[in-house]
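The lines below spell out each chain.
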Amino acid sequence: MKTIFDKTKIKNLKLKNRLFRSATWEALADADGHFDEEIYNIYDALAAGGVDCIISGFTSVSDDDRYFGGMARLSNDGLIAEHTRLTDIVHRNDIPIIAQLALGEYQNKEIDELTENDIDTIREMFVSAADRAVLAGYDGVQIHAAHGFFLSRYISPAHNRRANPEQLIIDIAKAVRERHPELHITMKINSSDFMYGGLDENGSMRICLACAPYLDSIEVSGNGTSVGGIKAGVNEAYFKCFALALAEKVDIPVILVGGHRSIDNMNNVLNEGKIEYLSLSRPLIREPDLINRWLRGKCSPAKCVSCNMCYRTPAHKCIFKLRGIE
Ligand SMILES: Cc1cc2nc3c(=O)[nH]c(=O)nc-3n(C[C@H](O)[C@H](O)[C@H](O)COP(=O)(O)O)c2cc1C
């Protein structure tokens, strides 16, 4: 029997349970990627709150990427010191941290307009950002190929007609692994775009199987990622079917994100098949110490009601907490 509280290890990551903090954009960087002080408090609270590992909010590999406001960046060496401060804060709590490397847009170009030269440049931007992540003390990098970001569009037939579009992800992962063999390399991918003519589950499975030999884990998500109105025991773990099928076919751990709210449901998911890890975002915005609360024996489900107001508040805080509602 697996439980969420099992201690495990994946490659260089020593994990005190099976619960990751899934990447969560805090919108706490200025246009050049410099952090607001508040970000350090958020990561300190998260790191002390019981998760086994933190995946950072999306961190652009490009100086010019304006896809979202407040994006963190690892796009030039001048940003390394601030990221080092962040990883130090997390490491003080004896847990690892992974940088989610992302590209939103590249020079406002549609994917069909990209030249081979552009694609080489994009690959090199990811690899250089991974170099900086290592210098800043991150324990791993996550290649963000989900949620409408560039790489998820690149691997989607709705946006890209090239054969074998996954080759770009493979080339990034191979280059990073060659340079940093000890680094944990993971990928977040859509199980489906849920879009007519887009990446469906068969396509995503094909891409996951092609990329898996170059990765240390895969996190399964999907477009429309933050489903509203999740209720414990009713509609949790909404991308579970794909993750279960994937976990049967790959030799690396599968991490499942999306709608985990209760201990019972999470333990059931772990024991239904070969999914090894679960990751959470919104519940930890509401309760950064959720996992420690559960460890203290207060085992009621996460308080998060999945209202998604956190997308609209400053620093993406929980609206209930901002209004003083416990
Ligand atoms: C405010 C907010 C910011 C998010 N930022 C990111 C991000 O930077 N990268 C990412 O891959 N997913 C991001 N997500 C999606 C979450 O990682 C997660 O996949 C989704 O919310 C479902 O998990 P949950 O039910 O535990 O919240 C974000 C979600 C929220 C609510």
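Residues numbered from 1 in each chain as written. Predicted model: local features only at pLDDT ≥ 70, side-chain atom pairs only at ≥ 80, totals over all residues. Heavy atoms only, no water.

Okay, the site of the ligand next. Looking at the ligand, there are 24 residues lining it, with A23, W25, Q100, S226 and R282 nearest. At 3.4 Å from a nitrogen atom of the ligand is found a side-chain nitrogen or oxygen belonging to H147. Burial of the ligand by the surrounding chains reaches 98%, relative to a free accessible area of 610 Å². For the shell around the ligand, the per-class residue count stands at nine nonpolar, twelve polar and three charged. (Near = heavy atom within 4 Å. Polar contact = N/O pair within 3.5 Å; in protein donor to acceptor, adjacent residues only side chain to side chain. Areas by Shrake-Rupley, 256 points an atom, 1.4 Å probe, with all protein chains shown as cover. Nonpolar A, V, L, I, M, F, W, Y, C, P; charged D, E, K, R; others polar.)

Quick look at helix α8 (residues 263–272) now. Taken together, the buried positions of α8 are occupied by I263, N265, M266, N267, V269 and L270. Those residues of α8 hidden inside the fold are in contact with β3 (19–21), α7 (240–249), β11 (254–257), β12 (277–280) and α10 (290–295). (Buried < 20%, exposed > 50% of the residue type's maximum accessible area, 1.4 Å probe, protein only. Helix = DSSP H or I, 4+ residues; strand = E, 2+ residues; numbered from the N terminus. Contact = heavy atoms within 4.5 Å.)

Let us look at the packing of helix α6 (residues 201–211) against α7. At their nearest, the axes of α6 and α7 sit 11 Å apart, and the two run at 35° to each other. Considering how the two elements wind past one another, α6 and α7 form a crossing that is right-handed. Of the residues in α7, those in contact with E201, S204, M205, C208 and L209 of α6 are F242, A245, L246 and K249. A class-by-class count of the residues in the contact of α6 with α7 yields six nonpolar, one polar and two charged. (Axes fitted to C-alpha atoms, helices over the stretch in contact; angles between N-to-C directions. Left-handed = near helix turned anticlockwise from the far one by under 90°.)

Once that is clear, we can look at unusual backbone geometry. The phi torsion of most residues other than glycine is negative, and most of the peptide bonds are trans. Backbone geometry at D94 places phi at a positive 65°, although glycine is not the residue there. Examined against the element boundaries, D94 turns out to sit in the loop between α2 (80–91) and β7 (97–102). Non-glycine residue F194 carries a positive phi angle of around 55°. Considering the arrangement of structural elements, one finds F194 in the loop between β9 (184–190) and α6. Exposure remark for F194: the relative accessible area of 51% places this residue in the exposed category.

A word on helix α3 (residues 116–135). When the terminal C-alpha atoms of α3 are compared, their 29 Å separation across 20 residues agrees well with the 28 Å that a helix rising 1.5 Å per residue should span. Within α3, the full set of buried residues consists of D118, I119, I122, M125, F126, V127, A129, A130, D131, R132 and A133. Summarising the contacts, the buried residues of α3 are in contact with α2, β7, β8 (140–145), α4 (150–154) and α5 (167–179). Remark: G137 follows α3 within two positions and exhibits a positive phi of approximately 95°. (Expected span 1.5 Å × (residues − 1).)

Attention now goes to the packing of aromatic side chains. Scanning the entire structure with this criterion turns up twelve aromatic pairs. When the ring of F35 is compared with that of Y40, the centres are 6.1 Å apart and the planes differ by 90°; the resulting orientation is edge-to-face. Residue F35 shares its accessibility class with Y40, and that shared class is buried. Taking 5.7 Å as the distance between ring centres and 15° as the angle between the ring planes, the aromatic pair formed by F68 and F149 counts as stacked. Of this pair, F68 sits in the loop between β5 (59–60) and β6 (72–73) while F149 is found in the loop between β8 and α4, placing the two residues 81 residues apart along the sequence. Assessed through its relative accessible area of 33%, F68 is described here as partly exposed. Since its relative accessible area comes to 3%, F149 is described here as buried. Counting every residue linked through ring pairs, the aromatic cluster contains W25, F58, Y67, F68 and F149. Directly above the ring of Y277 sits R18, whose terminal nitrogen or CZ lies 5.8 Å from the centroid. A cation over a ring is seen here: R85 above Y40, with NZ or CZ 3.8 Å from the ring centre. (Phe/Tyr/Trp six-rings, centres within 6.5 Å; stacked < 30°, edge-to-face > 60°. Lys NZ or Arg CZ within 6 Å of the ring centre and 35° of its normal.)

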